[in-house]
Each structure stands twice: as C-alpha cells, then as structure tokens.
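Residue-level structure breakdown
Residues per chain are reported as follows:
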Amino acid sequence: MKDSLALVGFEWAGTQLRAWAFDDEGEILSAYQVREEPVAGHADWPGRVRFHLAEWLGANPDVPVLGCGDVSAALLRTRELQLNAPFSLSHLAGHLGNEGGIHLVPWIGQQNPPDLTCGAETVLLGLGEAAGTVCIAGPHTQHCVVEHGRLLEFSTEITAELRDILLQHGTLSIAGSGPQTFDMKVFRDWIERALDTDDSPPVFSVEAAIRQGRLLPENKAAALAGLMIGADVAANYDPGDEVLLVADGPLLEAYGFALDALGAEVVETSAIEALQDGLFEIADLAGLLGED
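About the cut-offs
- Within every chain, residues take consecutive numbers counted from 1 along the sequence as written.
- Confidence filtering applies because this is a predicted model: local features only for residues at pLDDT of at least 70, side-chain atom pairs given and counted only at 80 or more, and all residues used for totals across whole chains, interfaces and linings.
- Values reported for side chains reflect all heavy atoms of the structure, with hydrogen atoms and water molecules removed beforehand.
- Secondary structure elements follow DSSP: runs of H or I no shorter than four residues count as helices, runs of E no shorter than two count as strands, and numbering proceeds from the N terminus.
- To get the radius of gyration, use the C-alpha atoms; to get the globule rule, take the number of residues to the power 0.38 and multiply by 2.2 Å.
- Three labels apply to residues, based on accessible area from a 1.4 Å probe with only protein chains included: buried if under 20% of the type maximum, exposed if over 50%, partly exposed otherwise in between.
- Residues count as neighbours in contact if any of their non-hydrogen atoms are within 4.5 Å of one another.
- At least two DSSP bridges between two strands are required for those strands to pair.
- Patch building starts from residues that exceed 30% relative accessible area and form no salt bridge, then joins like charges within 9 Å and nonpolar side chains (Val, Leu, Ile, Met, Phe, Trp, Tyr) within 5 Å.
- Per-residue accessibility takes into account occlusion by the displayed protein chains alone, with areas from the Shrake-Rupley method and a 1.4 Å probe.
- Any Lys or Arg side-chain nitrogen located within 4 Å of an Asp or Glu carboxyl oxygen qualifies as a salt bridge.
- Lines are fitted to the C-alpha atoms to define the axes, a helix being fitted only along its stretch in contact, and any angle between axes, read from their N-to-C directions, falls within 0 to 180 degrees.
- Here the word oblique covers every angle except those under 35 degrees (roughly parallel), over 145 (roughly antiparallel) and from 65 to 115 (roughly perpendicular).
- Two helices cross in a left-handed way if the nearer one is turned anticlockwise from the farther one by less than a right angle. They cross in a right-handed way if the turn is clockwise.
- In this count, Pro and Cys sit with the nonpolar residues alongside Ala, Val, Leu, Ile, Met, Phe, Trp and Tyr, while Asp, Glu, Lys and Arg are called charged and the others, Gly among them, polar.

Regarding the overall build of the protein chain
- A tally of helices and strands in the protein chain yields nine helices and 14 strands.
- Over its C-alpha atoms the protein chain spans a radius of gyration of 20 Å, differing by no more than 12% from the 19 Å that the globule rule assigns to 292 residues.
- A principal-axis box enclosing the C-alpha atoms of the protein chain has dimensions of 65 × 40 × 35 Å.
- Of all 292 residues assigned to the protein chain, the portion counted as buried reaches 47%.
- Taking contacts inside the protein chain between residues at least 6 apart in sequence as the whole, the part at least 24 apart equals 62%.

Pasting the structure below:
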C-alpha cells in the first residue's frame, strides 16, 4: 500500500475517529476506526491523530493528511476571516487550515441564526452536483439548501444527541426500566404522531404513556426516537418537498420513514461515502495530491 498511498483523510467527530487511505485515483486502500475522547479533551490533538495513524499504518504517513469534523474547531480560534453562507463549496479547498502539519477543512458559518456546519461541508461537497434540499442525518442532523454548488442556508439539530441525554438523565431516564427493545411498530407510531403538527405530543408524553399503561417501559427508547425524529422532520419539511437524504444504517431507515410518512419525495445516499468523496475532492482541488 505504501507505494500507492496518496492521501490520508480522516474525520474526528464526538468519540469517533475514522480514517481512510486513498490512492491517487480516490480509491480507498484501507480504513481505520477507533473510539476516542472528544477532540476538545486533547491539548495536543494533532499528536493524538499521528499516534493513531502510526498504529494503523505502521508509521506516520509521508503523504498529506486532511481532516474534518470537530478538529476544525481549532480554526475558529486562529482565523480573523470566517467563511459564511451563502458559500461556494468548491472554494473550501482554497481556505484549508493547518494545525501541527495536518490540513483541516474549515467549517462554514451562518449569522442569522448562528450556526456552523461542523463537518457537513465536506459531505455536501462529496455529493457532487446535488442541488436543492439536503438532509444529512447523524448525531447532529443538518438540513441544508444547496444550489449550483453553493450552500445557501442550513440548520443544525442535535436530535439524536438530545435523545441520548434524555434517556440517561432526568424524568425520561431508562435507569431501572430494564433492557430496551426496539419495536418498529412503536417507533413508527410515534413518528406519525409527531408529524401531526396540529396535535404533536410533547416529549413528556412518552413517560406519561408508560405510567398510564399505554406503552411498555422497554419501548421507551423507540418511542422517544420516533417522536423526536418525527418532530425534526415536521419542523423542516413539508409534504411534496424533494429531499436528498444523506445517512447510513438505522438513521437512514428512520429519517427515510419519517420523510415518506410526511409525504416528501426522498432520494437516499450514503453519508460515509459522501464524506470520503468530499475529503478526496477537497484534497484534489487544493493540489495536495502528489505532495510529499
């Protein structure tokens, strides 16, 4: 692999660091994934990245390393000029930062209301000629409007993160409720309730339904996920909207069902593949390929 390696791209988001080794055609030679503390907890996060890359590849790579995700927050502290929507995604390559020898994809900001892409910019560029309304579903979900390669506006929702917090602490905590069982019927039922914007139930309805004997305690997580995802979709889309859903795994299925139930026209694509394509495209546009 050493002779054909042209780029190492990675994303550090939350407690997950994922990396890919690319050849000069954009083909993935190898992949790596490890759980880590959030990047904010590391005073020397570039050193931590190099440690993991050496563990994976056997030595620190002698090709450019390009990162995105939470690591790019470092650029907000060091730059006078911030990138703000509307912004041409192809111009990201001309604004790369560099921290400890690692190239970083900058976030795009928004002033009203305040918002930051936090890695979604790389995924959007990796979608190629995609235009219109884009939903990137993950731990943080971004609802974006893209036209002619320009990010016009976006909204970040922390739906999945809030769900996890509610289930771990406070009134809706699952502590003492026993093991949770994912029930698709329950999940879909609560999505459909949330989509009724004239009579959408509050989050406490999940706890109330359990105490009234209308919901099994082991289905609390499924009901809460359905309610919050349904509310997220209802707040950002209307029946008949054409939406490109960018997600993987259970979130692809969950948001896909919610959008279908709303009556939107949905096209689905992989978020991880778009992220990989975005990293390579940015590196190519920036002239990093072929660098020593």
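Still more to cover.
Brief notes about the sheet that holds strand 5 (residues 87–88)
- Taken together, the six strands give an open sheet; going across it, the order is 5-12-11-10-13-14, and neighbouring strands pair in mixed fashion. Of all the strands in the sheet, just strand 5 and strand 14 (265–269) have a single pairing partner and so form its edges.
- Sheet topology note: the strand 11 (residues 141–147)/strand 12 (residues 150–157) ladder contains seven bridges and is antiparallel. Its bridge partner lying in strand 12, Val146 is registered against Leu151.

Some thoughts on a nonpolar patch on the surface
- Residues Ile158, Leu162 and Ile165 make up a contiguous nonpolar surface patch of roughly 220 Å² in combined accessible area.
- Mapped onto the elements, Leu162 comes out in helix 4 (residues 159–168).

Things to note about the pairing of strand 4 (residues 65–69)
- In terms of burial, strand 4 is largely enclosed, as five of its five residues are buried.
- Both faces of strand 4 are covered, namely the face carrying Val65, Gly67 and Gly69 and the face carrying Leu66 and Cys68.
- Sheet topology note: the strand 4/strand 7 (residues 102–104) ladder contains two bridges and is parallel. Counted as the bridge partner of Leu66 is His103 from strand 7.

Some thoughts on the packing of helix 7 (residues 220–236) against helix 8 (residues 249–262)
- Interhelical geometry of helix 7 versus helix 8 gives an angle of 55 degrees and a closest axis separation of 10 Å. Put simply, helix 7 runs oblique to helix 8. In this structure, the crossing between helix 7 and helix 8 has a hand that is right-handed. Across the interface between the two elements, Ile229, Asp232 and Val233 from helix 7 touch Ala254, Tyr255, Ala258, Leu259 and Leu262 from helix 8.
- Looking at side-chain class alone, the contact of helix 7 with helix 8 contains seven nonpolar, no polar and one charged residues.

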